[in-house]
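A structural walkthrough
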Amino acid sequence: MSIIRHIAIRNFRGIQSLDWYPTEGVNCIIGPGDSGKSSILDAIDLCLGARRTISFTDADFHNSNIDNPFRALK
């Protein structure tokens, strides 16, 4: 089984910068609507999912700024 030890998201949708170190066991993402919960899960899925093709729109970039790319950090 794989364990996610660190999640770093930059410039993805409503998330300008996020560094999260999930703890062992079950982690819950809780917050009001439109606060970025689904964006965190989508970013994880984009990095670890088995998708063959991925398409992005301007809305996938933070503040729709395509000049500031999003990235997955190691």
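In this text the structure is predicted, and so the values were computed from the model without any measurement.

Next up on the list: unusual backbone geometry. If you check the backbone angles, Asn11 has positive phi at about 60 degrees while not being a glycine. Here Asn11 shows up in strand 1 (residues 7-12). For Asp34, which is not glycine, the phi dihedral falls at a positive 60 degrees.

Okay, the environment of Lys37 next. Along the chain, the position of Lys37 falls in helix 1 (residues 37-48). Owing to a relative accessible area of 24%, Lys37 belongs among the partly exposed residues under this scheme. Spatially, the C-alpha atoms of Lys37 and Ile15 are 9.8 Å apart, while their sequence positions differ by 22 residues. Discounting residues that sit within four places of it in the chain, Lys37 has contacts with Ile29, Ile30, Gly31 and Pro32. At 2.8 Å, the side chain of Lys37 forms a polar contact with the backbone oxygen of Pro32.

Cut-offs and rules
Each chain carries its own residue numbering, running from 1 in the direction its sequence is written. For a predicted model such as this one, the threshold for reporting local features is a pLDDT of at least 70, and the threshold for listing and counting side-chain atom pairs is 80 or more; totals across whole chains, interfaces and linings nevertheless cover every residue. Values reported for side chains reflect all heavy atoms of the structure, with hydrogen atoms and water molecules removed beforehand. In this description a helix means any DSSP run of H or I spanning at least four residues, a strand means any run of E spanning at least two, and both kinds are numbered starting from the N terminus. Classification of residues uses two cut-offs on accessible area relative to the type maximum, computed with a 1.4 Å probe and protein chains only: under 20% is buried, over 50% is exposed, and between them is partly exposed. Residue contacts are defined here by distance: any two heavy atoms, one from each residue, within 4.5 Å place the two residues in contact. A 3.5 Å cut-off defines polar contacts: any pair of N or O atoms within that distance qualifies, except that in protein one atom must be a possible hydrogen donor and the other a possible acceptor, and neighbouring residues in sequence count only when both atoms are side-chain atoms.

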